[in-house]
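# Results of the structural survey
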Amino acid sequence: MTTTVSALKTYEYYVNGEWKTSESGQTIDIQSPYLYETIGKVQAITKTEVDEAIRFAQEAQQIWAEYSLQERASYLHKWADELINMQDEIAEIIMKEVGKSLKDAKSEVVRTSDFIRYTVGEALHMHGESLRGDSFPGGSKSKIAIVDRVPLGVVLAISPFNYPVNLAAAKLAPALIAGNGVIFKPATQGAISGIKMIEALHKAGFPQGLVNIVTGRGSVIGDYLVEHEGIDMISFTGGTNTGVSLAKKAGMIPLVLELGGKDPGIVLEDADVAEAAKQIISGAFSYSGQRCTAIKRVLVHDSVADELVALLKEEIAKLSVGSPEDGSVIVPLIDEHSADFVQGLIDDAVEKGAVTVIGNQRERSLIYPTLLDHVTEDMKVAWEEPFGPVLPVIRIQSEQEAIRIANASEYGLQASIFTKDVNKAFAIASKLETGSVQINGRTERGPDHFPFIGVKKSGIGVQGIRKSIESMTREKVTILNILS
Ligand code: NAP
Ligand code: G3H
């Protein structure tokens with residue numbers, strides 16, 4: 001399935017159940033973000049090969065949709081088993097390719113297996129409904145509507161680098177259990193991990209052509225995929241700019257977008273400040289802040305700001321910094337360009353008067369965890385998503401000010417409120433323009449069966465296992481007219 005060129009693996013793409021080398025003759029080098037060397041190559045496939053993959057998916061989907069739910073479920077269960085069998089191998093690749101600690105990479109694989117199993121369970125318990133005609137004025141008792149869900153066809157799954165296995169399977173599993181075929185376009189940085197996940201799927205023996213992995217730069221094959229008439233639904237996770245441009249091209253194709261965020265951690269006067277600090281640290285700095293749901297700004301009441309900042313500083317000083325191979329929390333960012341962007345946000349804030357409490361140190365793409373206090377609204381770091389380990393603290397005078405600043409963001413993924421007054425928490429939560437609000441906890445996606453929603457520039461549609469299955473199916477009504 002793979003070939004070795006000068007001790008480097010060249011990974012093939014997967015189409016119609018076979019591993020293939022692209023006729024383009026071109027490959028893309030995958031650089032490890034912390035080893036700073038090429039760890040493998042993936043195929044840069046052609047538009048003709050994209051056409052072929054979509055055609056195979058269309059053919060296989062027609063047959064797959066006829067399988068019973070129990071039959072489809074058995075394949076997904078085998079896939080979940082194979083992922084567990086391959087967990088060490090896949091976790092090692094995730095670590096090398098996206099620089100996530102081995103422990104977190106392993107958790108990602110196990111979480112994915114759990115996700116697949118839960119998806120099956122959920123689908124097995126989703127039922128349609130029937131409606132009586134005579135419940136509407138003048139309606140007839142002899143009319144009964146049966147409402148069922150049917151697959152959409154071929155789903156295009158486009159995933160980001162930061163959870164190369166979990167956020168890909170979070171699209172594939174609901175698509176497949178619902179009877180769809182899949183074209184999977186992984187992030188280029190993350191493509192080897194995606195290929196490994198597909199190796200597990202291949203071992204599970206899914207019908208040929210049902211799932212195909214197409215590798216190549218999004219900037220080269222992305223638009224072609226999105227505008228392809230063989231695609232019936234797009235499930236995309238990634239940056240807001242990419243998502244917005246993709247949405248414009250998708251036309252009337254159903255679309256779910258999970259995009260960027262700028263989640264605030266709001267700390268009120270009556271918060272348990274020590275607990276809030278712990279939650280904020282874990283929320284902001286895990287995997288160097290490369291999570292859509294990372295806490296990306298703190299809005300703290302002035303009366304507890306000094307105490308909070310001191311605690312945050314203490315906790316940040318304890319964070320391990322270095323290689324993911326040593327289990328470090330703070331690891332090099334995905335590439336130097338990303339590190340330059342984060343550094344630019346820090347520099348802009350410092351120039352405009354922010355106080356560096358700790359951090360602002362850099363070694364290539366490793367940015368040390370940085371806490372900026374007295375951040376003001378004229379600074380870029382107050383609004384832009386760093387996707388890196390920098391946390392701005394904005395001091396506020398009232399709850400109203402916290403709500404105003406929280407809602408002034410173009411993003412609306414999640415928010416955290418730290419307070420001992422649950423009534424106040426609910427009152428503020430109701431005013432925040434985000435998909436979810438966490439009360440006294442860090443912002444996070446899981447557990448994965450909870451609805452996961454981005455509003456404003458954080459997304460369109462709803463994820464979360466049941467909601468994902470719904471988004472990849474449509475309702476179909478069959479009306480029985482009983483002959484008397
Ligand atoms: P990205 O640069 O937007 O890439 C995401 C995916 O889009 C990759 O597979 C990329 O392929 C592909 N792509 C690029 N250009 C495309 C085009 N013209 N047409 C179609 N696809 C295209 O994002 P990223 O850097 O991987 O991920 C980080 C971002 O994702 C952050 O903003 C983060 O907040 C967001 N994110 C959001 C969620 C959520 O659930 N809301 C979850 C995770 C991440 P290439 O890699 O080949 O360019
Ligand atoms: O990066 C986006 C992921 O969906 C975040 O998942 O909150 O479990 O880290 P997480």
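Residues numbered from 1 in each chain as written. Chains lettered and ligands numbered in written order. Predicted model: local features only at pLDDT ≥ 70, side-chain atom pairs only at ≥ 80, totals over all residues. Heavy atoms only, no water.

### Considering the overall build of the protein
The helix and strand tally for the protein stands at 14 helices and 28 strands. On C-alpha atoms alone, the protein measures out to a radius of gyration of 24 Å, which is about the 23 Å that the 2.2 N^0.38 rule sets for 484 residues. Projecting the C-alpha coordinates of the protein onto the three principal axes gives extents of approximately 75 × 75 × 40 Å. With 484 residues in all, the protein has 56% of them scored as buried. Surface exposure of the protein reaches about 19,600 Å², of which carbon and sulfur atoms provide 51%. Taking the 48 positively charged and 63 negatively charged side chains of the protein as two groups, their mean positions are separated by 3 Å. (Helix = DSSP H or I, 4+ residues; strand = E, 2+ residues; numbered from the N terminus. Rg over C-alpha atoms; globule rule 2.2 N^0.38 Å. Buried < 20%, exposed > 50% of the residue type's maximum accessible area, 1.4 Å probe, protein only. Areas by Shrake-Rupley, 256 points an atom, 1.4 Å probe, with all protein chains shown as cover. Lys, Arg positive; Asp, Glu negative; His and termini not counted. Charge placed at Lys NZ, Arg CZ, Asp CG, Glu CD.)

### Looking at the sheet that holds strand S23 (residues 436-439)
Read across the open sheet, the seven strands follow the order S16-S19-S20-S15-S14-S22-S23; overall the sheet is mixed. For this open sheet the edge positions go to strand S16 (355-358) and S23, each flanked by a neighbour on one side alone. Strand-to-strand twist across the sheet, computed as the mean angle between neighbouring axes with direction ignored, equals 25°. Sheet topology note: the S16/strand S19 (residues 370-373) ladder contains three bridges and is antiparallel. Bridging from a neighbouring strand, Val355 pairs with Asp373 of S19. With respect to the sheet, helix H9 (residues 273-285) is in contact with strand S14 (263-267), strand S15 (295-301), S19, strand S20 (390-396) and strand S22 (414-418), its orientation differing from that of S15 by roughly 155°. Each of S16, S19 and S20 is contacted by helix H11 (residues 336-351), which is oriented at about 30° to S19, the strand it contacts most. (Pairing = 2+ DSSP bridges. Axes fitted to C-alpha atoms, helices over the stretch in contact; angles between N-to-C directions. Contact = heavy atoms within 4.5 Å.)

### Focus: the side chain of Ser409
Residue position: Ser409 is located in the loop between helix H12 (399-407) and strand S21 (411-412). Owing to a relative accessible area of 3%, Ser409 belongs among the buried residues under this scheme. Once you skip the residues sitting within four places of it in the chain, Ser409 turns out to touch Lys262, Arg297, Trp383 and Lys456.

### Considerations on the site of ligand 1
As a matter of local geometry, ligand 1 sits amid 30 residues, with Thr188, Gly218, Thr242, Leu259 and Glu385 nearest to it. The backbone of Phe161 places a nitrogen or oxygen atom 3.1 Å from an oxygen atom of ligand 1. Glu385 is positioned with one of its side-chain polar atoms (N or O) 2.6 Å from an oxygen atom of ligand 1. When the free accessible area of ligand 1 is taken as 910 Å², the share hidden by the protein chains comes to 85%. Where the shell around ligand 1 is concerned, the elements lending two or more residues are helix H7 (218-226), strand S12 (233-237) and helix H8 (240-250). Its residues placed into classes, the shell around ligand 1 shows 12 nonpolar, 12 polar and six charged. (Near = heavy atom within 4 Å. Polar contact = N/O pair within 3.5 Å; in protein donor to acceptor, adjacent residues only side chain to side chain. Nonpolar A, V, L, I, M, F, W, Y, C, P; charged D, E, K, R; others polar.)

### Section: the UniProt feature "active site" (unreviewed entry) in the protein
As annotated by UniProt and renumbered to match this structure, "active site" (unreviewed entry) occupies Glu258. If you trace the backbone, Glu258 turns up in strand S13 (residues 255-258). Exposure remark for Glu258: the relative accessible area of 7% places this residue in the buried category. Here the side chain of Glu258 touches Thr237 through a polar contact of 2.5 Å, side chain to side chain. (UniProt positions renumbered as here; feature names shortened; annotations may be inferred.)

### Some details on the pairing of strand S9 (residues 154-158)
Successive residues of a regular strand alternate their side chains across the two faces of the sheet. With five of five residues buried, S9 lies mostly within the body of the structure. Residues Val154, Leu156 and Ile158 of S9 are buried on one face, and the alternating residues Val155 and Ala157, pointing to the opposite face, are buried as well. Sheet topology note: the S9/strand S10 (residues 181-185) ladder contains five bridges and is parallel. Its bridge partner being in S10, Val155 is matched across the sheet by Val182. This β-α-β element, S9 to helix H5 (residues 166-177) to S10, shows right-handed connectivity. Inspection of the sheet shows S9 paired to S12 by four bridges, in the parallel sense. Among the inter-strand pairings, Ile158 is bridged to a residue of S12, identified as Phe236. (Right-handed = clockwise from strand over helix to strand, strands pointing away.)

### Considering the packing of aromatic side chains
One pass over the structure, following the stated rule, counts eight aromatic pairs. Judged by centre distance (4.7 Å) and plane angle (40°), the ring pair of Tyr14 and Trp19 falls under tilted. Taken as a pair, Tyr14 and Trp19 share a single burial class, namely buried. Between the aromatic rings of Trp64 and Phe206, the centroid separation amounts to 5.7 Å while the plane-to-plane angle is 45°, which identifies the pairing as tilted. Linking Trp64 in helix H1 (residues 47-64) with Phe206 in the loop between helix H6 (191-203) and strand S11 (211-213), this pair joins segments that are 142 residues apart in sequence. The same class applies to Trp64 as to Phe206, namely buried. (Phe/Tyr/Trp six-rings, centres within 6.5 Å; stacked < 30°, edge-to-face > 60°.)

### Some remarks on the environment of Pro369
Mapped onto the elements of the fold, Pro369 is located in the loop between strand S18 (366-367) and S19. Among the residues examined, Pro369 registers a relative accessible area of 5% and is labelled buried. Apart from the residues within four sequence positions on either side, Pro369 is in contact with Phe285, Ile316, Leu319, Val321, Ile330, Ile358, Gly359 and Pro389.

### Topic: the site of ligand 2
In the vicinity of ligand 2, the contacting residues are Arg111, Asn162, Tyr163, Leu167, Arg291, Cys292, Thr293, Glu444 and Arg445. Backbone polar atom of Cys292 to an oxygen atom of ligand 2: 2.7 Å apart, as the coordinates give it. Contact distances for ligand 2 include 2.7 Å between an oxygen atom and a side-chain N or O atom of Arg445. Protein contacts shield 96% of the accessible area of ligand 2, which totals 310 Å² for the unbound molecule. A class-by-class count of the residues in the shell around ligand 2 yields three nonpolar, two polar and four charged.

### Comments concerning the side chain of Thr112
Residue position: Thr112 is located in helix H4 (residues 102-124). Those residues in contact with Thr112 that lie beyond four places of it in its chain are Leu83, Val165, Asn166 and Ala169.

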